[in-house]
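Below are the chains, spelled out letter by letter.
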Amino acid sequence: MSQSMTNATLQERRNYAVAKGNASATIKYMAKGEGAILTDVEGNAYIDFAGGIAVMNVGHSHPKVVTAIKRQAEQLTHTCFMVAPYESAVSLAEKLCQAVPGQSPKAAMFANSGAEAVENAVKIARYHTGKAGIIAFENAFHGRTLMGMTLTSKVKPYKYGFGPYAPEVYRMPFAYCYRCPLNLTYPACDTACAQCLNDMFVKQVAPEQTAAIIVEPIQGEGGFITPPMDYFKKLKAICEENQVLLIADEIQTGIGRTGTMFAMEQFDVEADITTVAKSLAAGMPLSAVVGKKEIMDSVHPSGIGGTYGGNPVACAAGLAVLDIVETDDLLTQSKALGKVLQARLEQFRQEYEIVGDVRGMGPMMAMELVKDRHTKVPAADEAKALTVFCLERGLLLLSCGVYGNVIRFLMPLVISQEQLEQGLSIVDDGLKNLRK
């Protein structure tokens, strides 16, 4: 191995060539990935509990995805769908329209990233309704573009210094039961936080001015905050009463991450518009906006689109991913993984005082670390220390949350039982170490 291909020398080169604002969680430079294992340029292997931030649900370098990419690259790499379309984008749109929850006829458009999908979802909602207001939620994350960061709740690092923000965006509390914004307790509260939407229409923006609410079924970067099962039905009912659309941001929760293809299936709610990205194409840059057909088709021709959106290579990867979900019974694997993971994290909560809350859906699970269970003071330093401890022992693990004190689990759904147990044992050791 040449000296230029060590973690240290690559970091030194990076310091000169890569903008410092484009930071990384580790200084380990990866050279190969297979399934749930990453290998760095020095040959060190890591169990991946991050999944490229929920992108690698089918695992790294899945043979079907690799084959599809190679085959498509040999035939056609780009024409621009808006200029000379191709079959793979049409096929993928058909499959997504079938997969997104709800019985309404649907239509889709493609972009390159989650943030682009969010931007287009907002554009389409505004166009269809003729209204400008968008209501987002506390703790939300919707991307780093102008509209994306405006919709995002956390200021640092996502918004600080990048203002002014996009206009006509309003914010309401989310159903964060562990830290209830209304100081109530579920279920005695009867999910009172959903009624905050009615208050918004009185105090901040009238429904006649509001195009849509945009909401993550489970808030990702915000800390895997999982609302009660009746929350979205109540929100949807209020939206329908006031002719306001519901945009479900399923960018992190989609493609099997929660045990179903999309999380909204489990809440039994049909969104008007759904955004999809991340695991859709196993690492290829691809996102989609899928919505009720009358909404999506309301936009005039060429009003939405982009040069690279729905690139043929990315669409081929997306079709391979959906094939894997079906033929490899990935959703059954996801459910089984979720049960094991939830049980183990509950054990951690029983054993370690620092684990204040365990939450999530399927294998999209997290534990919130606190200095004291009574005061719930966030243990952000300890969360960071745990991720460092795990990395040093061959486990890639990420923190998140508004206070930086949540440990999230986003391993590929194809992880083996042995790899899962080894990774969780490292987490166990790390929690023991924090107790010293």
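Rules and cut-offs
- Residues numbered from 1 in each chain as written.
- Predicted model: local features only at pLDDT ≥ 70, side-chain atom pairs only at ≥ 80, totals over all residues.
- Heavy atoms only, no water.
- Helix = DSSP H or I, 4+ residues; strand = E, 2+ residues; numbered from the N terminus.
- Rg over C-alpha atoms; globule rule 2.2 N^0.38 Å.
- Buried < 20%, exposed > 50% of the residue type's maximum accessible area, 1.4 Å probe, protein only.
- Axes fitted to C-alpha atoms, helices over the stretch in contact; angles between N-to-C directions.
- Contact = heavy atoms within 4.5 Å.
- Nonpolar A, V, L, I, M, F, W, Y, C, P; charged D, E, K, R; others polar.
- pLDDT = per-residue confidence, 0-100.
- Pairing = 2+ DSSP bridges.
- Phe/Tyr/Trp six-rings, centres within 6.5 Å; stacked < 30°, edge-to-face > 60°.
- Lys NZ or Arg CZ within 6 Å of the ring centre and 35° of its normal.
- Core = buried A, V, L, I, M, F, W, Y, C linked by side-chain atoms within 4.5 Å.
- Salt bridge = Lys/Arg side-chain N within 4 Å of Asp/Glu carboxyl O.
- Right-handed = clockwise from strand over helix to strand, strands pointing away.

**A short note on the overall build of the protein**
Looking only at helices and strands, the protein has 14 helices and 15 strands in total. What you see for the protein is a C-alpha radius of gyration of 21 Å, in line with the 22 Å of a compact globule of 436 residues. Considered along the principal axes of its C-alpha atoms, the protein spans approximately 60 × 55 × 45 Å. For the protein, the residues scored as buried account for 54% of the 436 residues in total.

**Quick word on the packing of helix α7 (residues 196-203) against helix α8 (residues 231-241)**
In contact at an axis separation of 9 Å, α7 and α8 are set at 35 degrees when each is read in the N-to-C sense. Together, Leu197, Asn198 and Phe201 of α7 and Leu235, Ile238 and Cys239 of α8 make up the contact between the two elements. Tallied by class, residues from the contact of α7 with α8 come to 5 nonpolar, 1 polar and no charged.

**Some details on the confidence of the model for the protein**
Per-residue pLDDT for the protein has a mean of 97; in total, 99% of the residues score no lower than 70. Ranking the helices and strands of the protein by mean pLDDT puts strand β8 (residues 245-249) first, with 99, and helix α1 (residues 7-17) last, with 96.

**Remarks on the sheet that holds strand β5 (residues 133-137)**
Sheet strands pair via backbone hydrogen bonds, and the direction of the pair is either parallel or antiparallel. Read from one edge to the other, the open sheet built from 7 strands follows the order β4-β10-β9-β8-β7-β5-β6, with strand pairing classed as mixed. The open sheet has two edge strands, β4 (106-111) and β6 (169-172), and neither has a second partner. Going from strand to strand, the sheet's axes swing by 20 degrees on average, the running direction of each strand aside. For strand β7 (residues 210-215) and β8, the ladder comprises 4 bridges, and the chain directions are parallel. Within the sheet, the bridge partner assigned to alanine 212 lies in β8 and is leucine 245. Helix α4 (residues 87-99) rests against β4 and β10 (287-292) of the sheet, and its axis sits at about 130 degrees to β4.

**Things to note about the sheet that holds strand β13 (residues 395-396)**
The 4 strands are arranged β1-β2-β3-β13 in an open sheet whose pairing can be described as mixed. Looking at which strands have only one partner, the edges of the open sheet turn out to be β1 (30-34) and β13. Sheet topology note: the β1/strand β2 (residues 37-40) ladder contains 4 bridges and is antiparallel. If you follow glutamate 34 over to β2, its bridge partner there is isoleucine 37.

**Notes on the packing of aromatic side chains**
Going through the model one piece at a time under the given rule, you end up with 8 aromatic pairs. Where phenylalanine 174 meets tyrosine 231, the ring centres are 5.4 Å apart and the plane angle is 80 degrees; that geometry is what we call edge-to-face. Highlighted residues: phenylalanine 174 in the loop between β6 and α7 and tyrosine 231 in helix α8, separated in sequence by 57 residues. Since its relative accessible area comes to 0%, tyrosine 231 is described here as buried. In this structure, lysine 376 is placed above the aromatic ring of tyrosine 178, and the distance from its NZ or CZ to the ring centre is 4.2 Å.

**Notes on the nonpolar core**
Formed by 63 residues in total, the largest nonpolar core has its most connected members in Phe49, Met367 and Phe409. The element best represented in this core is helix α11 (residues 312-327), accounting for 9 residues. In this structure, Cys196, Tyr231, Cys239 and Ala366 belong to the second largest nonpolar core, which totals 40 residues.

**Describing the pattern of salt bridges**
Applying the stated criterion across every chain, the model contains 20 salt bridges. A salt bridge links lysine 234 to aspartate 190; its shortest N-O distance comes to 3.1 Å. Within this pair, whereas lysine 234 is found in helix α8, its partner aspartate 190 is found in the loop between β6 and α7, the two being separated by 44 residues in sequence. Looking at aspartate 190, the relative accessible area reads 52%, which means it is exposed. When the shortest N-O distance is used, the salt bridge between aspartate 357 and arginine 359 registers 2.8 Å. Salt bridges sharing common partners tie together Arg179, Asp357, Arg359 and Glu368.

**Section: the pairing of β7**
Of all 6 residues that make up β7, 6 are buried, and the element is covered over most of its length. Bridging between β5 and β7 involves 3 bridges; their strand directions are parallel. The residue of β7 that forms the bridge with glycine 133 is threonine 210. What joins β7 to β8 is α8, and the crossover it makes is right-handed.

**Here's the deal with the pairing of strand β15 (residues 406-409)**
Going residue by residue along β15, you find Val406 and Arg408 tucked away on one face and Ile407 and Phe409 tucked away on the opposite face as well. As judged from the 4 bridges shared by strand β12 (residues 364-369) and β15, these two strands associate in the antiparallel manner. Across the sheet, residue alanine 366 finds its bridge partner in β15, namely arginine 408. With 3 bridges joining them, strand β14 (residues 398-400) and β15 adopt antiparallel strand pairing. Its bridge partner lying in β15, leucine 398 is registered against arginine 408. Connecting the antiparallel pair β14 and β15 is a turn made up of 5 residues, with glycine 401 showing a positive phi of about 100 degrees.

**Describing unusual backbone geometry**
With an omega of 0 degrees, the peptide bond between glycine 163 and proline 164 qualifies as cis. The topology assignment puts proline 164 in the loop between α6 (146-151) and β6. Cis geometry is found at the peptide bond from tyrosine 186 to proline 187, where omega equals 10 degrees. Structurally, proline 187 is set in the loop between β6 and α7. Unusually for a residue other than glycine, asparagine 139 sits at a positive phi of about 75 degrees. Inspection of the secondary structure puts asparagine 139 in the loop between β5 and α6. Even without being a glycine, glutamate 168 presents a positive backbone phi close to 60 degrees. Counting through the fold element by element, glutamate 168 comes out in the loop between α6 and β6.

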